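Reading the structure
Spelled out from the first residue to the last, the chains are:
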Amino acid sequence: MKDTICALATPQGGAINIIRISGPQAVAIVDKIFVPRKGASLAQRKSHTVAFGDIYTGPDELLDEVLVTIMRAPHSYTGEDSVEIGCHASTYITQQLLLTLFDNGARQADAGEFTMRAFLNGKMDLSRAEAVADLIASSSRASHRLAMNQMKGGFSAQLSLLRDKLLKLTSLMELELDFSEEDVTFADRSQLLGLCNEIEEVMSRLASSFSIGNAVKNGVPVAIVGETNTGKSTLLNALLHEERAIVSDIQGTTRDTIEGVMTLGGVAFRFIDTAGLRETYDVVERMGIERTLEQLSKSSIALWMIDPLQSKEAIEEVARTLLPMCRGKRLALLVNKCDAVDPIALSKVMQWGSEMVRKYGEGIEWDEHDLWAISARLGTNMYNLEEFLVRSASLPAISSHDVVVTNARHYEALKRALANIADVKQGLATGLSGDLVSESLRAALRNLSEIVGEVTCNEVLGSIFANFCIGK
């Protein structure tokens with residue numbers, strides 16, 4: 001925190017680059033290399049003002065004409081003195097400017113270090129800091145709304161209410177401990193139990209929202225499965241409108257999972273092309289098939305691809321392995337390469353596939369209408385498939401005011417806090433001693449405090465901010 005840090009804060013490819021500097025010497029370091037065209041030096045200027053001038057890398061070594069913005073502590077993103085230099089986006093100019101800043105006392109910022117300093121300086125809590133990374137990574141309207149809501153403090157406000165109620169409960173229990181010899185009761189047990197139920201209801205609602213939040217943030221997982229050479233990779237490429245996967249007539253080309261994300265109807269979908277299911281003695285291909293089954297278990301939607309030239313026996317062999325693993329998932333059955341066979345043969349294969357789902361698909365969310373003949377190569381009936389995906393995502397409309405948990409760390413902390421509240425309720429119901437009940441209450445408070453960063457450690461902080469980009 002005593003260092004002054006700097007980094008490029010804009011991506012390559014634009015006309016202007018922004019270099020961000022933050023720390024106790026930020027203004028002084030830039031003052032050494034910047035000469036304003038008019039007016040006072042940076043040290044004499046007010047906060048939140050912009051100066052136009054020249055950057056020099058040495059005596060009489062003019063580098064660029066720049067705009068310099070000053071933000072003085074504590075009224076900056078990091079809470080420290082901060083300077084942002086807007087220069088032309090030449091790679092040479094940017095590199096030389098950074099090297100000049102290093103030579104004058106700044107150092108390269110670590111990934112996420114600006115936001116970490118904002119957290120450590122009390123400008124935002126940890127959940128809001130994590131929302132900054134989510135906002136940068138947002139790829140759909142829904143994920144953007146959730147990140148903005150969390151960054152504005154919607155989730156933090158809910159946690160604050162929960163923690164206030166837990167503190168009230170804890171203070172009443174621990175006050176009784178102080179007067180344990182007098183056998184004084186400060187709160188009726190039934191009232192405390194009612195408060196626990198109220199806290200548990202809010203926590204449960206937040207925890208249960210994670211399935212929606214995770215799908216919005218990372219994309220609804222869709223597994224493309226089937227026997228080898230049915231056109232799974234061709235379908236992935238068609239959905240993504242790019243050549244993501246290698247397409248070949250050779251069986252077993254895809255030996256590992258290949259992923260791609262696209263947005264349909266405002267919802268992000270994460271498509272996973274998997275290794276074809278078949279008996280094989282190839283060790284690498286067998287590992288790919290194992291990963292296929294693993295990815296299928298994690299998916300919400302499964303697209304079963306069938307080649308119309310397959311026999312009924314071959315289709316049934318795959319169905320016996322595949323369909324039991326689709327229990328609880330939405331399933332679409334796609335008979336690919338419809339342009340390669342006559343309509344009668346195509347109809348027969350579609351009928352076989354439908355029979356297999358009825359025979360082996362217990363517990364699968366499937367409808368007879370979720371069966372199409374497609375050509376992934378030509379794009380035939382792809383509109384029906386896209387409509388099915390949007391319909392199957394079944395994500396509720398999300399407004400800017402909805403509080404939805406999107407972070408796995410927050411979800412795990414909520415689950416632990418819920419377990420603590422369950423212990424409290426059991427202790428109150430069975431007449432457990434107040435000191436043991438208070439311990440469970442304190443544990444619930446610690447778990448909620450971990451989310452906003454009031455209780456944390458350097459290892460956790462390092463893990464969180466390592467996922468940020470440099471410059472943020």
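Structural data are supplied above this passage.
Before going into details, it helps to say that this report is about the structure given with it. Being a predicted model, the structure only gives us computed values, none of them experimental. (Residues numbered from 1 in each chain as written. Predicted model: local features only at pLDDT ≥ 70, side-chain atom pairs only at ≥ 80, totals over all residues. Heavy atoms only, no water.)

Moving on to the overall build of the protein. Tallying secondary structure elements over the protein gives 16 helices and 13 strands in all. The burial tally for the protein puts 48% of its 472 residues in the buried class. Restricting to contacts in the protein with at least 6 residues of sequence separation, those with at least 24 account for 68%. Element-wise, carbon and sulfur atoms account for 52% of the exposed surface of the protein, whose accessible area totals about 22700 Å². (Helix = DSSP H or I, 4+ residues; strand = E, 2+ residues; numbered from the N terminus. Buried < 20%, exposed > 50% of the residue type's maximum accessible area, 1.4 Å probe, protein only. Contact = heavy atoms within 4.5 Å. Areas by Shrake-Rupley, 256 points an atom, 1.4 Å probe, with all protein chains shown as cover.)

Here the focus is the nonpolar core. Residues Leu166, Met203, Leu414 and Leu448 are the most contacted members of the largest nonpolar core, which totals 31 residues. If you list the elements that add at least two residues to this core, you get helix 6 (154-178), helix 7 (189-208), helix 14 (408-430) and helix 15 (434-452). No other element matches the eight residues that helix 7 contributes to this core. Excluding residues that lie within four positions of it along the chain, Leu448 makes contacts with Leu159, Leu162, Arg163, Leu166, Met203, Leu414 and Ala417. Counting 28 residues, the second-largest nonpolar core is a separate cluster that includes Ala223, Ala302, Val318 and Ala319. (Core = buried A, V, L, I, M, F, W, Y, C linked by side-chain atoms within 4.5 Å.)

Further remarks concern the sheet that holds strand 8 (residues 220-226). Taking strand neighbours across the sheet as the criterion, the six strands line up as 9-10-8-11-12-13 in an open arrangement whose pairing is mixed. Since the sheet does not close on itself, it has two edges, and those belong to strand 9 (258-264) and strand 13 (371-373), each with one partner. Direction aside, neighbouring strands of the sheet carry axes that sit 25 degrees apart on average. Both strand 11 (residues 301-306) and strand 12 (residues 330-335) contribute to a ladder of six bridges, which runs parallel. (Pairing = 2+ DSSP bridges. Axes fitted to C-alpha atoms, helices over the stretch in contact; angles between N-to-C directions.)

So, on to helix 9 (residues 232-240). Most of helix 9 is tucked away, with seven of its nine residues classed as buried. If you check which residues of helix 9 are buried, you get Lys232, Ser233, Leu235, Leu236, Asn237, Leu239 and Leu240. Buried residues in helix 9 make contact with strand 8, strand 9, strand 10 (267-273), strand 11, strand 12 and helix 13 (382-393). Of the residues trailing helix 9, His241 is marked for its positive phi of about 60 degrees.

Moving on: the sheet that holds strand 1 (residues 5-8). Sheet architecture is open: seven strands sit in the order 3-4-5-6-2-1-7, paired in mixed fashion. Edge positions in the sheet fall to strand 3 (34-36) and strand 7 (107-108), since each of these pairs with one other strand and no more. Note that strand 1 and strand 2 (residues 16-22) share four bridges and pair antiparallel. Bridge pairing in strand 2 places Leu8 opposite Ile19. Taken strand by strand, helix 3 (residues 113-120) contacts strand 1, strand 2 and strand 7, and its axis lies near 135 degrees from that of strand 1.

Between Ala73 and Pro74 the backbone carries a cis peptide bond, its omega angle lying at 0 degrees. In this fold, Pro74 is placed in the loop between strand 5 (61-71) and strand 6 (82-88). In this structure, Lys337 is a non-glycine residue whose phi angle is positive, near 60 degrees. The class of Lys337 is partly exposed, set by a relative accessible area of 25%.

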